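# Summary of the model geometry
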Amino acid sequence: MQPEEIHIKFPEGNPLDLPKATTAREALIKRGQGSLKKIVAARLNGESIDLTRALSQDGTLEPIFENDPEGLEILRHSTAHLMAQAVKELFPEVKLAIGPAIEQGFYYDFAKKDPFTPEDLPRIEEKMRALSQGNIPIVREEFSREEAIRLFSSQGESFKVEMLEELTEPTVSLYRQGNFVDMCRGPHLTSTNGSRFYKLTHVAGAYWRGDEHNPMLQRIYGTAFFEKKELDDHLFRLEEARRRDHRRIGRELDLFSIHDEVGPGLVIYHPKGAMLRTLLEDFEKKEHLRRGYEIVIGPQLLRADLWKKSGHYENYRELMYFTEIDGQGYGIKPMNCLAHMMIYKSKVRSYRDLPKRYFELGTVHRHEKSGVLHGLMRVRQFTQDDAHIICTPDQLQDEIRGVLNFVAEVMKIFQFDFEVEISTRPEKSIGSDQDWARAIEALIFALKANGLSYSICEGEGAFYGPKIDIKLKDALDRRWQCATIQCDFTLPERFDLQYVGADGERHRPVMVHRVILGAMERFIGVLIEHYAGAFPTWLAPVQAVILSVTDRNASYCQKVFQDLLATGIRVELDIRNEKLGLKVREAQLQKIPYMVVIGDKEEEQGSISPRTRSGENLGSWSVPQFIDRIREESVPGKQ
RNA sequence: GCCAGCGUAGCUCAGUUCGGUAGAGCGACUGAUUUGUAAUCAGUUGGUCGGGGGUUCGAAUCCCUUCGCUGGCUCCA
């Protein structure tokens, strides 16, 4: 090997000795395997680099393909730059902030005096198309930090300068395409014509660095794919998500409403929505009782003094509603824990009594900021399937594992995928460092014991303890926090909870706060989008509707209706003087699982003709046969 | 809360550029039709143009203000 040569290995095939400064692209060509078409970038000793990057050291070189997750990220990142280039050409006065790839696409933040309007997007896209067709090479350049600061200062790019000033690296990489220069780690595509299938989706405000004390920037969101079909599929999925929007379906299926006159974030359940919620609550009570929970009920208002004692007043006040009664301050509960602690304290507890598991479908109020309210997903009054487990420190692991199993079993019934996060101590919090460390350890241990993988969110915990959050994925692929398990060593301390141990001494129990579905409101919202309103039979507010063919069949329909009703089936009767086709259509739009057709033929035979909402005609059935079918499907988890 | 957009009949929307007495489809209601598996026909009804204030001879339209809704504000060049 010559001194000016470098030794490059590949994941597959023989290593090569190549002249120094050979580009990654040339090296991959020399490797002589397949086409370079689907290769976006490369990885040298694990570091992602541009295909045009000159190799300066020995190492292992692997290609990054279009269908690698990182390949798509690179495309989107480059498309974000392309968009920024287009924006700078159309609006030279804008300043650049940042423009990363994100899960669904990419964005770029700009500072602009007059905000972008939706009408600007097609113009920007058009400019992007022209720049893309121009096939402008994307070139990486290395600058010293000072040079880069000088360059961006001269261009008035104050955000770039601010970022550079906080960096410690002596050199930074800049990427140049035509007149456009951006500071960026890369890697990028080699030319602007790599971005071909993209769409700018919306504009929004975003604080500089996500901090509400910083100036508001204008963010443009977009997405990009390597293939047209992938882009079309993505746009179709967005459309489908709009069709599944729980706010729309909630109105169409007459489940709930939210009114100005009543107040923002306050939900009114109509009969069918109330039925759905009742079904969920009945399910929950049963599931809790069979796992050794006791049902309790606390008051809506508690003395402000008690909220001071618990630390809520100090740490949670902005989200609480307060009032005064007979000269005494009261707070409307934003959480259910206080009453549960009072129940525990009402007696001397022995270690033999533990764990105590108090369950409450507890309605709470929180003063959420107006801008975050969203349908059923984010409201100001909601009901939690809340429980507090008070146990000995020795029992803690098992209790947390028990809750994790509970969550997994319930999510399986609803066919939800979920992700797990652990949140650690926030700035505003109470309790000793030692307790926090113990609590986090307990949560992690339980997760590991249950074989669940998790990510860590630093500083996202509750003020009284760390938590495990379970995030469901909804139709828009947004994650919704539903279940959460929170470890608490602090409130037992503050409320002086005790139990008598085997040694006859008094000890401090620990407490676990936990919800399974979370808030009933949010969970119902997620369910609506999950099932697109077509609830499985066990959850359907109306399980069957009886449809008469003519007025002649009305009284027989009435009889069948009464028979079904008497067995507890949730059934409706449609004997309007309308055509069968219309009734079927309306039942179909209401997503009722079964339509029971009754005409002269059925009346003569004493039968019924059920049909499913998927359009399957089940033929001639007896009423008992149909009752059995519905009963069978009324079991939670059955479809 | 902040930025932007939006708010017209129960729903979906037109009308706002350029001020001149408010429209459509669906729904609802009434009647006819006696109907067989996703829309029968006809007629009728329907709005303090989110609220308040201002400009004007005149405001859905222009201005101010207020309420609400929607998207976003975490994913670090």
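Refer to the structure printed above.
Treat the numbers as computed from the prediction; the structure is a model and nothing was measured.

### A few points about the nonpolar core
- Ranked by internal contacts, the top residues of the largest apolar core, which has 64 residues, are Ile400, Phe414, Ile468, Phe523 and Leu539.
- Broken down by element, the residue count for this core peaks at 9 residues, all from helix α12 (residues 396–413).
- Ignoring sequence-local partners within four residues, the contact set of phenylalanine 523 consists of Leu280, Met411, Phe414, Phe416, Leu472, Cys482 and Leu517.
- Within the second largest apolar cluster, 33 residues are counted, among which are Val40, Tyr108, Cys184 and Ala224.

### A few points about the sheet that holds strand β3 (residues 39–44)
- Strands sit in the order β2-β1-β5-β3-β4 across an open sheet of 5 strands; the sheet is mixed. Both outer strands of the open sheet, β2 (16–19) and β4 (47–49), are each paired with one neighbouring strand and no more. Taken over all neighbouring pairs, the strand axes of this sheet differ in orientation by 40° on average, direction set aside.
- Sheet topology note: the β3/β4 ladder contains 3 bridges and is antiparallel. Counted as the bridge partner of arginine 43 is serine 48 from β4.

### As for unusual backbone geometry
- The residue after leucine 354, namely proline 355, is reached through a cis peptide bond having omega 0°.
- Its identity as a non-glycine residue notwithstanding, asparagine 45 has a phi of 50°, on the positive side.
- For asparagine 135, which is not glycine, the phi dihedral falls at a positive 50°.
- Position of asparagine 135 among the secondary structure elements: in the loop between α3 (120–133) and β9 (139–144).

### Topic: the protein's contact with RNA strand B
- Taken together, 57 residues lie near RNA strand B, and Met183, Cys184, Ser370, Asn577 and Arg585 sit nearest.
- Considering the 4 Å shell around the protein, atoms of RNA strand B inside it are sugar or phosphate in 53% of instances.
- Between RNA strand B and alanine 101 there is a distance of 3.5 Å, counted from a phosphate oxygen to a backbone nitrogen or oxygen.
- At 2.7 Å from a base nitrogen of RNA strand B is found a side-chain nitrogen or oxygen belonging to arginine 585.
- Counting only elements with at least two residues in the surface near RNA strand B, the list comes to α5 (158–166), β11 (180–183), β12 (197–207), β13 (216–225), α7 (246–252), α17 (580–589), α18 (600–605) and β32 (609–612).
- Examining the composition of the surface near RNA strand B, we find that 7 residues originate from one element, α17, more than from any other.
- Partitioning the surface near RNA strand B into residue classes produces 24 nonpolar, 15 polar and 18 charged.

About the criteria used
- Residues numbered from 1 in each chain as written.
- Chains lettered and ligands numbered in written order.
- Predicted model: local features only at pLDDT ≥ 70, side-chain atom pairs only at ≥ 80, totals over all residues.
- Heavy atoms only, no water.
- Core = buried A, V, L, I, M, F, W, Y, C linked by side-chain atoms within 4.5 Å.
- Buried < 20%, exposed > 50% of the residue type's maximum accessible area, 1.4 Å probe, protein only.
- Helix = DSSP H or I, 4+ residues; strand = E, 2+ residues; numbered from the N terminus.
- Contact = heavy atoms within 4.5 Å.
- Pairing = 2+ DSSP bridges.
- Axes fitted to C-alpha atoms, helices over the stretch in contact; angles between N-to-C directions.
- Near = heavy atom within 4 Å.
- Polar contact = N/O pair within 3.5 Å; in protein donor to acceptor, adjacent residues only side chain to side chain.
- Nonpolar A, V, L, I, M, F, W, Y, C, P; charged D, E, K, R; others polar.

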